Amino acid sequence: MPVPEFRVIATDEGEGVTYTCGCPCVPTARPGADGAPGFEHCCCGKVHFVGDGAQAALTGYLAERKATKKREPDYETGAVRLVVGGAEREVAWAFPRE
Ligand SMILES: [Zn+2]
Ligand SMILES: [Zn+2]
């Protein structure tokens, strides 16, 4: 799977990070005011975290799901860095393997 192309967009609550998902949504994740990671889990199963420690937060989130969900897909994962709200932030993603 090619690395998804993330881009920064303005939202009512400040800048967020989205990507072209392939479904009708515009999945957008925003870091908290303190830089803590925020995330969005799209209706189609793709998830991304944005903020300091995004990769660790994503890893914990997926482990929690794997432990509690009956049907949890395997994910392709990766991370990039983007400037969001004036500061460079981690963007960590996990998309279900097709
Ligand atoms: Zn959707
Ligand atoms: Zn989607």
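Structure: above.
These figures come from a predicted structure and were not determined experimentally.

The rules behind each value
Residues numbered from 1 in each chain as written. Chains lettered and ligands numbered in written order. Predicted model: local features only at pLDDT ≥ 70, side-chain atom pairs only at ≥ 80, totals over all residues. Helix = DSSP H or I, 4+ residues; strand = E, 2+ residues; numbered from the N terminus. Contact = placed C-beta atoms within 7 Å. Pairing = 2+ DSSP bridges. Axes fitted to C-alpha atoms, helices over the stretch in contact; angles between N-to-C directions.

## Let's talk about the environment of E88
Phase 1: Tracing the backbone through its elements, the reader meets E88 in strand β6 (residues 87-96).
Phase 2: For the pair E88 and G35, spaced 53 residues apart in the sequence, the C-alpha separation amounts to 9.9 Å.
Phase 3: For E88, the residues in contact, after removing those within four places along its chain, are R81 and V83.

## Considering the sheet that holds strand β4 (residues 47-50)
Phase 1: Within the open sheet, the four strands sit side by side as β3-β4-β6-β5. Their pairing is antiparallel. The two strands at the open ends of the sheet, each matched to only one other strand, are β3 (38-41) and β5 (75-84). Along the sheet, successive strands turn relative to each other by an average axial angle of 15°, direction set aside.
Phase 2: Strand direction decides the pairing type here: β3 and β4, joined by four bridges, are antiparallel. Looking across to β4, one finds that E40 is bridged to H48.
Phase 3: On top of the sheet, helix α1 (residues 54-68) reaches β3, β4, β5 and β6; it is set at about 25° to β6, its chief contact.

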